[in-house]
Amino acid sequence: MKDRKENIVIDEQDLFNYVFFPSSVSGEKKELIESDISFDAVLDFYRQLRLNSEIKPDEELQRKIASKIPAYNLSNVIQLFDLKEPIVTKLNRNRLVADSKELKPKMTTKTFVDNDKEYLIKVLNYEGHTKIFVFSTKDEVVKNFDIIIEPHNLKFHFDDNSEPLKIEHSIQAEKIEIRFS
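None of these values were measured; they are calculated from a predicted model.

Definitions and limits used
- Residues numbered from 1 in each chain as written.
- Predicted model: local features only at pLDDT ≥ 70, side-chain atom pairs only at ≥ 80, totals over all residues.
- Heavy atoms only, no water.
- Pairing = 2+ DSSP bridges.
- Helix = DSSP H or I, 4+ residues; strand = E, 2+ residues; numbered from the N terminus.
- Axes fitted to C-alpha atoms, helices over the stretch in contact; angles between N-to-C directions.
- Parallel < 35°, antiparallel > 145°, perpendicular 65-115°, else oblique.
- Contact = heavy atoms within 4.5 Å.
- Nonpolar A, V, L, I, M, F, W, Y, C, P; charged D, E, K, R; others polar.
- Phe/Tyr/Trp six-rings, centres within 6.5 Å; stacked < 30°, edge-to-face > 60°.
- Buried < 20%, exposed > 50% of the residue type's maximum accessible area, 1.4 Å probe, protein only.
- Core = buried A, V, L, I, M, F, W, Y, C linked by side-chain atoms within 4.5 Å.

Draft legend 1. Main features of the pairing of strand 8 (residues 175–180). The pairing of strand 1 (residues 77–82) with strand 8 spans 5 bridges and is classified as antiparallel. Bridge assignment links glutamine 79 to a residue of strand 8, and that residue is glutamate 177. Both strand 5 (residues 143–150) and strand 8 contribute to a ladder of 6 bridges, which runs antiparallel. If you follow isoleucine 147 over to strand 8, its bridge partner there is isoleucine 178.

Below, the structure is given as structure tokens:
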């Protein structure tokens, strides 16, 4: 039996598995790892790594990571971007008197979508107020979330998306985030 233990080779993968996936390490290797103090420093490193990986970073740290690494998405935050709507060209070349004056429309609308096209937000600005509609493309009721409207960092809470949010003033939105609680 002693000769057999001497032929067992413990590598880095075995030490990693011993800490993270102990059931995947054979009994003989476990026994050898536990009896050899030369592995203690490496095992301590992996134990600390495992503890740290189980601690969820706070929201501020997650936001910093997401701002530096484009591929990192916050699991409870969905970024929506302005959907550029097609420009309608005039078919009639005649110019009307109303065309010559600069008229401010009574209502403007902007549409925002996320990269996966799972959420759509419509912002309708009227002369003195705004309505914001939140839609799920999966035809589901979205519950308990906040929206953050940039660039002014305006934050609004929705219990669900069954009714539009009504704001008593006009807002400018360049980007919107949905944050689930």
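Draft legend 2. Looking closely at the packing of helix 2 (residues 12–20) against helix 3 (residues 27–35). Where helix 2 meets helix 3, the axes come as close as 11 Å, and the angle between the chain directions of the two elements is 90°. In terms of orientation, helix 2 lies roughly perpendicular with respect to helix 3. Contact residues: Asp14, Leu15 and Tyr18 in helix 2; Lys29, Lys30, Ile33 and Glu34 in helix 3. Here the contact of helix 2 with helix 3 is built from residues that sort into 3 nonpolar, no polar and 4 charged.

Draft legend 3. Looking closely at the packing of aromatic side chains. Scanning the model with the defined rule gives 9 aromatic pairs in all. Between phenylalanine 20 and phenylalanine 21 the ring centres are 6.4 Å apart and the planes differ by 45°, which places this aromatic pair in the tilted class. A relative accessible area of 45% means that phenylalanine 21 is categorised as partly exposed. One aromatic cluster in this structure is built from Phe16, Phe20, Phe21, Phe45 and Tyr46.

Draft legend 4. Expanded view of the nonpolar core. Core analysis: the biggest nonpolar cluster contains 20 residues, and Leu80, Ile121, Ile132, Ile147, Ile149, Ile176 and Ile178 have the highest contact counts within it. Listing elements by their share of this core, those giving two or more residues are strand 1, strand 3 (119–125), strand 4 (130–136), strand 5, strand 6 (154–160), strand 7 (165–167) and strand 8. Here leucine 80 is in contact with Phe112, Val113, Asp114, Tyr119, Leu120, Ile121, Lys175, Ile176, Glu177 and Ile178, once residues within four sequence places are set aside. Of all hydrophobic cores here, the second largest spans 12 residues; its members include Ile10, Phe20, Phe39 and Tyr46.

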